[in-house]
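# Structural characterization, general
The chain contents come next:
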Amino acid sequence: MMDVPKANQSQTPSQPWAGQNGWSPASPQGAHYNPLLSFQHLSLGSPSDQRTCVGHQQASSCQSDNTTYPYNPHHSPPCASDAEQSGKQVNPDARVSLMVSASSHERILPPCSLPLTNVGTQPRPPFQMHFYSPYSPYQTVSPAFQPPYIHQESLNGPQSPHQKHLPISSPSFGQCVGQSPQFSPQPSFNKEAPDIHYHASPTLQQHPGRTSTEFVTNTVVQDGSFSPQSPNSESRYGLDPELLPSAVKVMADDRSEWEGKVFVSKPFSCVPPLATTSCAIEDRGSASPFAIRSMSYSVPCDGQTALLSRLPLGALVTPLTEQNAEEKPLTVIKESERVMSCGWCGASMCPAMGWQDCGQRFYCPFCGKLSEVPWQHYQPTKGVEGVRVDKDQRPELSMGSYEILSPQKGEPAALLLAIDVSASALRGGHLEFTTQQILTLLTSLRREDGVDVTDIRVGLMTYDSKIHLYDLSPALSRPHMLVITETEELQLPVREGLLVTLKDCIDGIDSVLQLIPQFGPESDDSDGVPIELPVKAGLAVLQALNCPGKLLLFHTAPLIEMAHANSSSGFFGSNKPKSIFQPPESAISLANQCVGQGCGVHLFLLSQQDVGGAWPGHIPYLTGGALYTYSHLEGELDRERFSTDLKRIVETNTGYKAELRIFVSKDLRVSGCYGLFIPSPSPDQVTMATLDGFTTLAVELAHSRPVDETRGVSLQAVLSYSTQTGERRTRVHTLTLRCSPHLEDTFRQYQAQTLLTFYSKKIHCAVLERPLQELREELQTEVTQALASYRKHCCSSSVSAGQLVLPQYLRALPVYINSLRKSEVLLPGLRSSVHSRLQQRCQVLNMDTRSTSTHFYPLLLPLPLSGDNSTSPNPEKTLRCCAASLEPSGLYLVHAPLTLLLWVGTQVPSSTLVELFNTSCFSSLPSGETKLPVLDNPLSINIRSLIHTLNSQAPCARKLWVVKQGDTCEEALQRHLVEDKSPNGGASYADFLYHLHVNSVRFLQ
C-alpha cells in the first residue's frame, strides 16, 4: 500500500508506483531539471520553422507566415483553423502549445472541475520529480462526487487547518484573474503557416500572497457520472483535453481529402489515405496500401539516420486482402505465360526489375544480380528508361499486384464437423439447436457471388472419451458409425466415405444430426474431455485423404488442463506474468502438424468457463482459426451470434497451406515478423495453415548497408496458397518506396495508424517472453525519444520548450500509444479475466490496420433523438472518446471491432425511448446484453440499419450492450473512453501527452 504523505510534504512518486502504471521509473542521468520551471507564461505564437523544403510528388510546398490573429473564445476552437480546413494543403508539423506555470510543477493540480482552497502563503520548496507518474492502477474507482472537495498539498493527504473554500471563477478563456485585461494572454495562430497549433491554455488564477501564478481551466461543477467535468476527463496539469490533437479530426480531414477520389498507387508515390478512409485504389505499378502499407514512405538512406528517428522501419502485409467493389479484380495469369522469376533469390517479376542489354537480362533489386531472359519470353526495350515494349500487356511488368495460377492442382479443401456428445453436452440441452443450425447451413450453402458449392467435401464425427466416425458413402442405405477406442495412437479403420461431397451425403448427414440429441451418455465426463482428442482425430482424417480443410469443433465438456500448461493462479502477484500467454508445448506440437496439413481449427465453446481450466484457444488461433464462446446457447442473442459465426466461417474466402515470403532490397534485411503464426527460423518466411482477407502481419526491416537513393527501396510479398477448389495460386505484391538522406522526410512520411498496428503486433508477440511492465516502459521510451529526435533534428532553435511539435501525420500518435499502453492485455485491471486477455491478444494480432485503429480508438457515434430528422445516423461523424462528449440528453453508439455499446443518458426524451425501446420509463430500460425491438418507425429503422452495417464490417459477430447512465454497466463503457483515465489505472490522454512532451524535452538536456 502506498504511503500517504502528510500536508506540506513533497509528494515524490516511488519507483514501484511508477512502474505499476507503465511509466519508466528511471530518469535521464544528470541533475534534476524541469525544462518548464523557468517559464511563467509560454507564448502561443508560432515561431517560423526554418527548414528546407523537399519537393515530392503530390506534396505541397512549405510556407511560413508570421502573421498572427487574436483568438476569440466565443468562436470555434483554434484547432479548426483555416489552414487545417483545406483538404489539399499538407501541413508538415503540428505543434501543441502546452501552457503551464511554475507552480503547476511544484504540486499536483486537482481535478479542474473541483473547487480549490487557499493553502496559505507559506513559500514551499519546488516540487521535483524524477519521472512523472500517474495514479496507481489499484486506485481504480473514483469515489462519488461529494462537494465541497478540499484541495490538499498532496493528493489524499490530511487536510491543513488553514484551508478555506474558494468559489470557482469563470473568467473568459485565457484571461488572467486578478490582472488587468491588457495583460491577459492572447493565443494566436498562423493562418497559412505549415504548423498547426492546438492551444491548451488554462486560465491564470493569482492567489493572494503567492509569488507564482497558477493555471486553472474554466469549468463549472456538474452532477452526473459522465459529464464534461468528470474527474476521469480532467488533466492533472490544467490542460483542456478538448484542445489537444484529435484522432477524430485527423480521420475526418483524411476523409474529406480522399473520399470519393481515386488514389493512384505507383512507384515512389506519396503517403496513401488512412486505413479508415474508404477510397478506391488504382494500381499503376505499386501494390495497394490495403495489401502492403509501409511504416514510412520515405526510407532513410543509411542505418544511422534510421536509428536517429527512433521509429521502426517496416511494413504491414495483408496478403489475401480483397478488392473493393469499385476496383478492378486482381489479374490472374498462367504460370507458363509469365516472365520468369529471378534465378538467384526467387523473387517474382515486378515493375521494380531493371532491364539491360536491350531486354536480354534483367537486374533484380532484391539480390542485386543479373538474370538471363529465356528466348521464349524475350522482348526488346524502348526509350531512355529501357522498358519492354510489352510492358502494358503483361501484368507482372506493369502492376504492383497480380496472381499466378499454377498448373498443378491438389485436393479440394474439406469441411469437417466434430460434435461433443459427452454427458455434459447431453445434459446441456442445446445439442438439438446446434445440429439444426448445422443442417440449415449445409442445405443453404451458397457463395455470395451465387456459385453453388455443394460439391465441397464434408465429414462428420462425434466424440466423448472415444471418437465416433461416420461412413457417409452414398452407396450405403444409411451412415455407419465407426468407434475408435484407442485414442493414444489413432488409426482409421477405413478411409472411403469419411469425406463425401455435400450433394451426395446431405441426406445421410441429416439422419445423423437428428439422432445426435437422442444419444445416451456412455461414460461420465466429470473429469472433462481434452481438446486435443478431436483435433487429432480430425487431423488424421485430413492426412489420410491428403487434403486441407477446416475443422469445426462444437465442445461442451469441462476443459482439461493441458500437459505442461502454466497455471493462471497468482498472476497479479507473480514476478512472471508473461507465463500466462505462453502456449504449452503439446499445443504447439499439435498446431505445427495442423499447419503442415493446412487444417484450420475453429472451436465453438458452448459452455463458457470464466474461471479455472485450461484456455483452449492456442491451437485454433495458431492454425488461422478462432475461438467462439457462448453461455450455454440459452438466450436468443447467443443463438443469433452462433448462427452468424457459423455461417461466416464457412463462407469466408480462405487460403490453405499458405507460405509467405518477404523480399526486400539487397541493402536491407528482414529483422522480424510479427503476427498470429508459429515463428520459423527465418523471419522472412512464414507458414500458415489457413488465412483470410483480415490476416495481417507486421514486417520489421533493418539496414545492412547504405541504400542507393536513385534506385529507392522495393518490398515484395509472395504468397503461395491453395484455394477451396484445390487450385494452387501465387499472389505477388510489390511496393517501391523513395529514399532520402534527410531525417525530416522520413518523419513526415509516417502515419499514426500504421505505427499503432505495428507496435500492437510486436508488443503482443513479445508478451510471450518479456514482462508487461518492461514492454510498457520500452514503448513509452521509444516514442519519447522519437519526439525528442524530431525536435532536435527537424525543428529550428526558435521552438520553445513549451511547444509540443508533431509531424503532420503523427498528430494522433500519442492518443493511440496511450490507449495501447493501458489496454487490458498490457495493463490488467482487478476485474480482468485471464481467458479474456488471452483471447483479446490473439484477436488483436490477427487484425488489419483498420480494425486495429478502431479497437484502440473506438468510434463514438451520436444518434438522432427523433426519426423526423432529415439526416440519418452517419457512421463517419464521430466524437472524441471521452466522457466530455457524452451529454445526459443524448444517445451514443460505441463501435469497436469486438464491442458494440449503446449509451443512454438520463435526460433522453421519453418519446425517443418509446420509438427505440418501446418504453417511456428510463428505469425500466434493459441494461446489459440486449436486442433492440423491431418497431415500425423511422428512428428504430435507421438505428437498427446502422447497427447491421457496423456488424457486417466487424471481424466477428457481436452482441449489443445497452449502458444506462449511472448504471453499474458503465465500467464497460469507461474502458472504451480511451482519452479518459481508465478503470484499470491507465493515465488520461492529456496527462500522457504532458508527460510525453516534458520527458522528450528532458532527453535533449
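Higher on the page you've got the structure.
In this report, the structure presented in the accompanying data block is examined. In this text, all values refer to a predicted model and were calculated from it rather than measured experimentally. Numbers given to residues run from 1 along each chain, matching the order in which its sequence is written. Since the coordinates come from a predicted model, pLDDT governs what is reported: local features require at least 70, and pairs of side-chain atoms require 80 or more to be given and counted, while whole-chain, interface and lining totals use all residues. Where side-chain values are given, they derive from all heavy atoms of the structure, hydrogens and water being excluded.

The subject of this paragraph is the nonpolar core. Ranked by size, the top nonpolar core spans 199 residues in total, and within it Phe554, Phe604, Leu893 and Leu902 carry the most contacts. Only buried residues count toward a nonpolar core, which is a set of Ala, Val, Leu, Ile, Met, Phe, Trp, Tyr and Cys residues joined through side-chain atoms within 4.5 Å. Burial status follows relative accessibility: with a 1.4 Å probe on protein chains alone, a residue under 20% of its type maximum counts as buried, one over 50% as exposed, and anything between as partly exposed. Listed in part, the 18 residues of the second largest apolar core include Ile333, Cys342, Ala347 and Val718.

What follows covers the packing of aromatic side chains. The geometry of an aromatic ring pair comes down to the distance between the two centres and the angle between the two planes. Pairing of aromatic rings covers Phe, Tyr and the six-membered ring of Trp, with a centre-to-centre limit of 6.5 Å; geometry is then stacked below 30 degrees between planes, edge-to-face above 60, and tilted otherwise. Tallied over the entire structure, the rule returns 17 aromatic pairs. Ring centres 4.2 Å apart and planes at 15° place the aromatic pair tyrosine 237 and tyrosine 994 in the stacked group. Here tyrosine 237, found in the loop between β8 (214-216) and α4 (247-258), pairs with tyrosine 994, found in helix α23 (residues 989-1003); they are 757 residues apart in sequence, far enough to count as distant. Across the pair, exposure class does not vary: tyrosine 237 and tyrosine 994 are buried alike. Ring-over charges, as used throughout, are those where CZ of Arg or NZ of Lys falls within 6 Å of the ring centre and within 35 degrees of the ring normal. A cation sits over an aromatic face here: arginine 711 above tyrosine 363, 4.2 Å from the ring centre. Counting from the N terminus, the helices are the DSSP runs of H or I reaching at least four residues and the strands are the DSSP runs of E reaching at least two.

Helix span, expected: 1.5 Å multiplied by one less than the number of residues in the helix. A rise of 1.5 Å per residue sets the reference length of helix α13 (residues 636-651), with its 16 residues, at 22 Å; its end C-alpha atoms lie 23 Å apart and thus fit the reference within 8%. By definition, residues are in contact when any of their heavy atoms lie within 4.5 Å. Each element contacted by the buried residues of α13 is listed here: β21 (414-420), α8 (431-443), β26 (549-555), β27 (599-605) and β28 (626-629).

Once that is clear, we can look at the pattern of salt bridges. The term salt bridge refers to a side-chain nitrogen of Lys or Arg lying within 4 Å of a carboxyl oxygen of Asp or Glu. Summed over the entire model, instances satisfying the criterion amount to 23 salt bridges. The residue aspartate 667 makes a salt bridge to lysine 666 at a minimum N-O spacing of 3.3 Å. A relative accessible area of 33% means that lysine 666 is categorised as partly exposed. When the shortest N-O distance is used, the salt bridge between arginine 770 and glutamate 778 registers 2.5 Å. What emerges from the salt-bridge pattern is a single network uniting Arg388, Asp390, Arg394 and Glu396.

Its identity is not glycine, yet asparagine 546 carries a phi of approximately 55°, on the positive side. Along the chain, the position of asparagine 546 falls in the loop between α10 (532-545) and β26. A positive phi angle is found at asparagine 918, which is not glycine, with a value near 65°. According to the relative accessible area criterion, asparagine 918 is exposed, its value standing at 54%.

Between two packed helices, both the angle of their axes relative to each other and the distance between the axes serve to describe the pair. Lines fitted to the C-alpha atoms define the axes, with helices restricted to the stretch that makes contact. Angles between their N-to-C directions range from 0 to 180 degrees. Across the interface, helix α17 (residues 813-821) lies against α23 with an axial gap of 10 Å and an inter-helix angle of 110°. With respect to their mutual orientation, α17 and α23 come out roughly perpendicular. Contacts between α17 and α23 involve Pro814, Val815, Ile817, Asn818 and Arg821 on the former and, on the latter, Tyr989, Phe992, Leu993 and Leu996. Per-class residue counts for the contact of α17 with α23 are seven nonpolar, one polar and one charged. Throughout this description, any angle smaller than 35 degrees is read as roughly parallel, any larger than 145 degrees as roughly antiparallel, any in the 65 to 115 degree range as roughly perpendicular, and the remainder as oblique. Side-chain classes are defined by residue name, with Ala, Val, Leu, Ile, Met, Phe, Trp, Tyr, Cys and Pro counting as nonpolar, Asp, Glu, Lys and Arg as charged, and the others, Gly among them, as polar.

Moving on: the side chain of arginine 880. Along the chain, arginine 880 turns up in the loop between β36 (859-863) and β37 (891-896). The exposure class of arginine 880 is buried, given its relative accessible area of 8%. At a separation of 3.2 Å, a polar atom in the side chain of arginine 880 contacts the main-chain carbonyl oxygen of leucine 244. Looking at arginine 880, its side chain comes within polar contact range of the main-chain oxygen of proline 245, at 3.4 Å. Among all residues touching arginine 880, those that are not within four sequence positions of it are Pro241, Glu242, Leu243, Leu244, Pro245, Ser246, Val248, Tyr857, Leu860, Ser885, Glu979 and Tyr989. As used in this structure description, the phrase polar contact means that two N or O atoms lie within 3.5 Å; if the pair is within protein, one of them must be able to donate a hydrogen and the other to accept it, and residues adjacent in sequence are counted only when both atoms belong to side chains.

Let's shift gears to the pairing of strand β13 (residues 313-317). The element β13 is largely enclosed, with a buried count of five among its five residues. Here β13 shows two buried faces, one formed by Leu313, Ala315 and Val317 and the other by Gly314 and Leu316. If DSSP finds at least two bridges between two strands, the strands pair. Judged from the three bridges that link them, strand β11 (residues 292-294) and β13 form a sheet pairing that is antiparallel. Counted as the bridge partner of isoleucine 292 is valine 317 from β13. Where β13 lies against strand β32 (residues 697-703), five bridges are found, and the strand directions are antiparallel. Across the sheet, residue valine 317 finds its bridge partner in β32, namely leucine 697.

Along an α-helix, residues three or four positions apart point the same way, because every turn accommodates 3.6 residues. An ideal rise of 1.5 Å per residue puts 21 Å on 15 residues; α23 measures up with 21 Å between its terminal C-alpha atoms. Along α23, 14 of the 15 residues are buried, which leaves the element largely enclosed by surrounding structure.

This paragraph deals with the sheet that holds strand β39 (residues 928-930). Within the open sheet, the five strands sit side by side as β36-β37-β38-β40-β39. Their pairing is mixed. For this open sheet the edge positions go to β36 and β39, each flanked by a neighbour on one side alone. Across the sheet, the mean angle from the axis of one strand to that of its neighbour is 30°, orientation sign disregarded.

Considering the arrangement of structural elements, one finds arginine 958 in the loop between α21 (938-953) and β40 (960-964). Charged-residue counts in this description rest on Lys and Arg as positive and Asp and Glu as negative, His and the chain ends being excluded. Here arginine 958 occupies a buried position and makes no salt bridge, while the nearest side chain of opposite charge, aspartate 645, is found at 9.6 Å. Polar contacts involving the side chain of arginine 958 include one to the side chain of histidine 895, which spans 2.9 Å. A polar contact of 2.4 Å, which involves the side chain of arginine 958, links it to the backbone oxygen of alanine 896. Filtering out sequence-adjacent residues up to four positions away, arginine 958 remains in contact with Arg641, His895, Ala896, Pro897, Leu898, Thr899, Leu900, Leu950 and Asn951.

In short, shape yes, function no, at least from these values alone.
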